[in-house]
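One letter stands for each residue in the lines below.
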Amino acid sequence: MHPTNVGDPAYYHQVVDCQWACPAHTNVPEYIRLIAQGRYTEAYMVNRESNVFPGILGRTCDRPCEPACRRGRVDGKPVAICRLKRVAADHRGDVSQLLPKAAAVKNGKKVALIGAGPASLTVANDLMPLGYEVTIFEKLPRPGGLMRINIPAFRLPEQVLDEEIGYITDMGVDVRYNSPVNSLGALLETAEYDAVFVGSGAPKGKELEIPGRHETDQIFIGIDWLESIHFGHVASVGKRVLIIGVGNTAMDCCRSSKRLGATDVKVIARKTRKYFKASPWELEDAEEEGVDIIENLQPVRFIVENGTLTGMEFDRFSSVETESGLKQEVIGREILPCDTVILAIGQDNAFPFVERNIGLEFGKWDMPVVDKTTFMSTRPGVFFGGDAAFGPANIIWAVEHGHQAAISIHHYCQGVPVTERPPQGMALTSTKMGLHQWAYSNDYDHAPRQKMKHVDLGVRFQNMTTEVEEGFTAEQTQAEVERCLNCDVQTHFTDSLCIECDACVDICPVDCLTMTPNAPETDLRERFLAPALNLEQPMFASGPLKQTQRVMVKDENVCLHCGLCAERCPTYAWDMRKFAVQIPYAGATVIPLMAV
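Keep in mind that this is a model prediction, so the values were computed, not measured.

A. Quick look at the packing of helix α14 (residues 248–259) against helix α15 (residues 280–288). Axis separation between α14 and α15 bottoms out at 10 Å; the angle between their running directions is 15 degrees. Between α14 and α15, the angle is such that the two are roughly parallel. With respect to the hand of their crossing, α14 and α15 are arranged in left-handed fashion. Across the interface between the two elements, Asn248, Met251, Cys254 and Arg255 of α14 pack against Glu282, Leu283, Asp285 and Ala286 of α15. The residue makeup of the contact of α14 with α15, split by class, is four nonpolar, one polar and three charged.

Set out below in structure tokens:
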């Protein structure tokens, strides 16, 4: 195996599992350390550099970072990364002087953004400081897109939305509300804009065309129904409600139903819980509020009597897990009574405003063909992002799309090839402060994951706006930040200093180190005391050691970053060095650098 190139930012970045898993690559360990020090404003700004909406995402993110968290490999429960993000947002001070500012002098380029959702807002956030004149065309009277109209206020308070969106629009973005773009071709023909970004989301809920669908007015499309609630067009619902589908939208629909007066709410799933699309915490919150989740049912027909919806008929399945996946067999029929049905079985993209003769190629599922790196369509100067680019995802993905599209738009407008991507950089600094002292908390804390406190059921059902999650207390925050293993503090090895004393191998609590004759990686992975079986996680290999020509190898997957190897090493061959990947944004130049 060749020596690992730790000068490549991607190597140590991948070791910081939470940051690597985050689409926007937020520096999670750094902001958690800042929270531990009570530096909430600084923690908020570390968040905001990458994810733009810390307060919003601290409440609504799908948390791809948490399943990746190394702590989960220790005690089965990841650090509550998302909820700590909210702590920083809720307790920050005045950040007005720390936020990006629009350039005093414009650069003469104009960019149009279609839709005021998270992707478009991120593009505006990145381009305004570079001197662009940015115009957002929004069909609704307020910004935020699906963040505002499809996430209920009991999960995401309006004040949080207004504040964080305002940080961007207050830079002087020309936001034109109640202004839908009905023809992309007409917008392009004006030649007023140097580039156009489409961030219109996936605004069309999927239909369920089965008998009885159009015989009653009590069957609704989930995202449309949530929008109607937001704008005050829906103030009540039937007592018995069925929600078809088990995604996050379905969870918002069932919980909203309880607040509108429903007493019997059931969520219907075709498969078993393992295959549900809703986040586990969303399912738990719904069940806490008395929602029944029923598996193995597939809709057959709506039962409508004299124009009144009275129930639904379903096929009932038996489900068995096999080596090839879930095997289901119809074993009968079942009828569930209901007064209202809400369909939340997915969302489709809809581009009625995009003509098919303007140089934009459409592909599978009638989606525009968009480059996954540059986010440019087949028509130069027209870019897509968020759900409009590749279908429904989550807010943090839309933010990252916005960052990457902003880079491409900037390059396009400045005559630079959009395929030319700015490189990542890195900083690597020693945390050593003494023989047994480091500039981070390296003691393993056995504290369990903290449980979020909720307001009482009786209080939360009184209206649609009482936020359910109360946020962590100071005591909970203190306990949770100590659970972080500081994965960005890397075990950095200098092979020329090693005397092969085996002290590091002996003291390692998880047996992730060994010294062995060099061999192919597959062989080296078997030579650890605990074989390195996770092939997706990189494995470190040093150059040949000067006494025996063996190599030091390390399984990055199970390392706790405790620093015991560095404390025990008599020659300073091991050091604990804090790694920071430098993520480039539009107009920013990052020089790949390793500062020791």
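B. Inspection of the sheet that holds strand β9 (residues 292–294) at higher detail. Taking strand neighbours across the sheet as the criterion, the five strands line up as β6-β13-β7-β8-β9 in an open arrangement whose pairing is parallel. Bordering the open sheet on either side are β6 (219–221) and β9, each of which pairs with just one other strand. Ignoring strand direction, the axes of neighbouring strands in this sheet form an average angle of 20 degrees. Where strand β7 (residues 240–244) lies against strand β13 (residues 340–343), four bridges are found, and the strand directions are parallel. Bridging from a neighbouring strand, Ile243 pairs with Ile342 of β13.

C. Main features of the packing of helix α3 (residues 28–36) against helix α4 (residues 40–51). Where α3 meets α4, the axes come as close as 8 Å, and the angle between the chain directions of the two elements is 165 degrees. Between α3 and α4, the angle is such that the two are roughly antiparallel. Note on packing geometry: the crossing formed by α3 with α4 is left-handed. Residues Glu30, Tyr31, Leu34 and Ile35 of α3 form the contact with α4, whose participating residues are Tyr40, Glu42, Ala43, Val46 and Asn47. Residue composition of the contact of α3 with α4, grouped by class: six nonpolar, one polar and two charged.

D. Examining the sheet that holds strand β15 (residues 382–384) more closely. Taken in spatial order, the five strands make up an open sheet running β3-β2-β1-β4-β15, and their pairing is parallel. The open sheet has two edge strands, β3 (174–176) and β15, and neither has a second partner. Here the strands of the sheet are splayed against their neighbours by 20 degrees on average, with no regard to which way each runs. Of the pairings in the sheet, the one linking strand β2 (residues 133–137) to β3 comprises three bridges and is parallel in character. Its bridge partner lying in β3, Ile136 is registered against Val175. Most of the contacts of helix α9 (residues 118–127) go to strand β1 (residues 110–114), to which it runs at about 160 degrees, and overall it touches β1, β2 and β4 (195–198). In this fold helix α17 (residues 395–413) packs onto β1, β4 and β15, with an angle of close to 165 degrees to the strand it touches most, β4.

E. Region of interest: the nonpolar core. Ranked by size, the top nonpolar core spans 68 residues in total, and within it Phe53, Leu127, Val134, Leu184, Phe351, Phe384 and Ile409 carry the most contacts. Looking at this core, the element that brings in the most residues is α17, giving nine residues. For Val134, the residues in contact, after removing those within four places along its chain, are Val111, Leu113, Ala124, Leu127, Met128, Val173 and Asp174. By size, the runner-up hydrophobic cluster in this structure holds 51 residues, among which are Met426, Leu428, Phe472 and Cys504.

F. The side chain of Thr216, seen in detail. Along the chain, Thr216 turns up in the loop between β5 (204–205) and β6. Here Gln218 takes part through its backbone nitrogen, which lies 3.1 Å from a polar atom of the side chain of Thr216.

G. Geometry of the pairing of β7. Among the five residues that make up β7, four are buried, leaving the element largely enclosed by the rest of the structure. Summarising the sheet, β7 and strand β8 (residues 264–268) pair through five bridges and their orientation is parallel. Within the sheet, the bridge partner assigned to Leu242 lies in β8 and is Lys266. Running through α14, the crossover from β7 to the neighbouring parallel element β8 is right-handed.

Reading the values: the criteria
- Residues numbered from 1 in each chain as written.
- Predicted model: local features only at pLDDT ≥ 70, side-chain atom pairs only at ≥ 80, totals over all residues.
- Heavy atoms only, no water.
- Axes fitted to C-alpha atoms, helices over the stretch in contact; angles between N-to-C directions.
- Helix = DSSP H or I, 4+ residues; strand = E, 2+ residues; numbered from the N terminus.
- Parallel < 35°, antiparallel > 145°, perpendicular 65-115°, else oblique.
- Left-handed = near helix turned anticlockwise from the far one by under 90°.
- Contact = heavy atoms within 4.5 Å.
- Nonpolar A, V, L, I, M, F, W, Y, C, P; charged D, E, K, R; others polar.
- Pairing = 2+ DSSP bridges.
- Core = buried A, V, L, I, M, F, W, Y, C linked by side-chain atoms within 4.5 Å.
- Buried < 20%, exposed > 50% of the residue type's maximum accessible area, 1.4 Å probe, protein only.
- Polar contact = N/O pair within 3.5 Å; in protein donor to acceptor, adjacent residues only side chain to side chain.
- Right-handed = clockwise from strand over helix to strand, strands pointing away.

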